[in-house]
Amino acid sequence: MGFNCGIVGLPNVGKSTLFNALTATVAAETANYPFCTVEPNTGRVSVPDERLDKISAIAKSAETVPTFLEFVDIAGLVKGASKGEGLGNQFLANIRETDAILHVLRCFANDDITHVEGGVGPIRDAETVETELMLTDLDSLEKRVEPLTKKARGNDKDAVQQLAIVERVLELLREGRPARTVEIAKEEEKAFRMLQLLTSKPVLYVCNVEEEDAAKGNEYTAQVAAYAAENGAGSIVISAKIEAEIIQLNDDNERREFLEALGLEETGLSRLIHAGYKLLGLLTYFTAGPKESRAWTVANGVNAPQAAGVIHTDFERGFICAETIAYDDFVALGGEQACKEAGKMRQEGRDYIVKDGDVILYRFNV
């Protein structure tokens, strides 16, 4: 699994259209009225990676297995969602289960498509949703202060640590700043994650534009980019219309020509994946052999046993070593055996930090 992200935003900004296009399905109903999505739809897409295809060809693998990205299309939020307005807290709970938030913002004008706020205003829309998420977090944390204070007075070390974090985050939320902007020490990271705050999740603002603005954006997307930078988030420009058209083209050459005509080098899905991996601090490593070549996604900074555990817990538990080849060496020399003979396969131990593109064979004993 690559990562799991919830697609959020106000009604009628193009969330479900984008979801359908990105997952190449029509699982989510699209309509020009609020709340057409009444259950969170989930779709998985394989993450395109040319490196995997090259590795698989060199290893003469019978099967090529990519890593996956999961999208969850969550119903449109409105002012007052934190108090149950619209479809309310039901969908705030769906956001809590995701790794990251893709916040779709309408960055195009079209009189034929209703806007719940009466007109285009992506920063206003972003602030509306962010406010609802912050109010939810504020309510959640305020309820925790009293019980944590009692435990802290009883010299509960975990409570003392968590109370200190809660108080810092509450201060930020009351100033109108999301929890992800709080400074957290390494030893506090686990306690911070346990709070499960909505505004602690990484956010990628997805600017939905018309076709003519897909390559360079417009004044609205420039505003969003600045807003994202100020709020510890990322931003990307995508045209849901273009993505919907691309999935109708089955031929790779046709897709390439279509994108080139619009001044685009790659699909919105590819750009979204790159941005998402950067936002979440993820990397991809590979395993290769005659049976299959497969891509695996892990967080930056994980050691070899932790990366092995993504394949199977036995790999981590019985870890002996990781026989590792850099991707460039694997391709340039033509595979595992050639890399062994050239001294390019390394035996790495428990402390080895996995790098993007590593081709790894684990040795383990359970």
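Remember, it's a predicted structure, so these values are computed and weren't measured experimentally.

If you had to explain the layout of surface pockets to someone new, which residues and values would you point to?
Counted as a void, the largest pocket has a volume near 1000 Å³. Around the largest pocket, the lining is made up of 35 residues, and of these Val-47, Pro-48, Asp-49, Thr-267 and Ser-270 lie nearest the centre. At the level of elements, α1 (15–23), β2 (41–46), α2 (50–59), α8 (240–246), α9 (252–261), α10 (268–280) and β8 (282–288) are the ones that each hand at least two residues to the lining of the largest pocket. By residue number, the principal contributor to the lining of the largest pocket is α10, which donates five residues. Class assignment for the residues of the lining of the largest pocket results in 16 nonpolar, eight polar and eleven charged. By volume, the second largest pocket amounts to about 470 Å³. Lining the second largest pocket are 15 residues, with Phe-192, Arg-193, Ser-200, Lys-201 and Pro-202 positioned closest to its centre.

Run through the confidence of the model for the protein, naming residues and quoting values.
Overall, the prediction assigns the protein a mean pLDDT of 86, with 88% of residues at 70 or greater. Low pLDDT (under 50) marks residues 26–38, which in the prediction has 38 contacts with non-local residues, meaning those over four places away or in another chain.

Explain the pattern of salt bridges residue by residue, including any values.
Under the counting rule described, the total for this entry stands at 15 salt bridges. Among the ionic pairs, Arg-317 bridges to Asp-314, the shortest N-O distance being 2.6 Å. Linking Arg-317 with Asp-314, this pair stays in helix α12 (residues 313–317), spanning three residues, or about one helical turn. Judged by relative accessible area, Asp-314 falls into the partly exposed class, the value being 24%. Glu-323 is the salt-bridge partner of Arg-363, the closest N and O atoms lying 3.3 Å from each other. Within this pair, whereas Arg-363 is found in strand β12 (residues 359–364), its partner Glu-323 is found in strand β10 (residues 319–325), the two being separated by 40 residues in sequence. Take Glu-323: its relative accessible area is 9%, and that puts it in the buried class.

Help me get a handle on empty space enclosed by the protein, residues and values and all.
Counted according to the given criterion, the structure contains one cavity of 30 Å³ or more. Roughly 40 Å³ of internal volume is contained in the largest cavity. Lining the largest cavity we find Val-8, Ile-101, His-103, Ala-126, Val-129, Glu-130, Leu-133, Val-203 and Tyr-205. At four residues, helix α4 (residues 122–153) tops the list of elements feeding residues into the lining of the largest cavity.

Tell me about the pairing of β2, and name the residues and values.
The alternating pattern of β2 places Asn-41, Gly-43 and Val-45 on a buried face and Thr-42, Arg-44 and Ser-46 on a face that is not buried. Sheet analysis places β2 next to strand β4 (residues 68–73), joined by six bridges and oriented antiparallel. Its bridge partner lying in β4, Ser-46 is registered against Phe-68.

Go over the packing of α4 against helix α7 (residues 219–230), please, and point to the residues and values.
Packing of α4 against α7 brings their axes to within 9 Å, and their N-to-C directions diverge by 40°. With respect to α7, the element α4 is oriented oblique. Contacts from Pro-122, Ile-123, Ala-126 and Glu-127 in α4 reach Tyr-220, Gln-223, Val-224 and Tyr-227 in α7. Residues of the contact of α4 with α7, tallied by class, amount to six nonpolar, one polar and one charged.

How would you explain the sheet that holds strand β1 (residues 3–8) if you had to name every residue and give the values?
The strand order across the open sheet formed by six strands is β2-β4-β1-β5-β6-β7, and the pairing between neighbours is mixed. The sheet terminates laterally at β2 and β7 (234–238), the two strands that pair on one side only. Taking each pair of neighbouring strands and ignoring which way they run, the sheet shows an average axis angle of 25°. With respect to the sheet, α4 is in contact with β5 (100–106) and β6 (203–208), its orientation differing from that of β5 by roughly 145°.

So what about a negative patch on the surface? Which residues, and what values?
Taken together, Asp-251, Asp-252, Glu-254, Glu-257 and Glu-260 make up a surface patch of like negative charges. Inspection of the secondary structure puts Glu-254 in helix α9. Classification of Glu-254 as partly exposed rests on a relative accessible area of 42%.

Reading guide: rules and limits
Residues numbered from 1 in each chain as written. Predicted model: local features only at pLDDT ≥ 70, side-chain atom pairs only at ≥ 80, totals over all residues. Heavy atoms only, no water. 1 Å grid on protein atoms, 1.4 Å probe; cavity = no way out; pocket = protein on both sides within 12 Å on 5 of 7 lines; lining within 4 Å. Points joined across faces, edges and corners; volume = space filled by probe spheres on them. Helix = DSSP H or I, 4+ residues; strand = E, 2+ residues; numbered from the N terminus. Nonpolar A, V, L, I, M, F, W, Y, C, P; charged D, E, K, R; others polar. pLDDT = per-residue confidence, 0-100. Contact = heavy atoms within 4.5 Å. Salt bridge = Lys/Arg side-chain N within 4 Å of Asp/Glu carboxyl O. Buried < 20%, exposed > 50% of the residue type's maximum accessible area, 1.4 Å probe, protein only. Pairing = 2+ DSSP bridges. Axes fitted to C-alpha atoms, helices over the stretch in contact; angles between N-to-C directions. Parallel < 35°, antiparallel > 145°, perpendicular 65-115°, else oblique. Patch = residues over 30% accessible without salt bridge, like charges linked within 9 Å, V, L, I, M, F, W, Y side chains within 5 Å. Areas by Shrake-Rupley, 256 points an atom, 1.4 Å probe, with all protein chains shown as cover. Lys, Arg positive; Asp, Glu negative; His and termini not counted. Charge placed at Lys NZ, Arg CZ, Asp CG, Glu CD.

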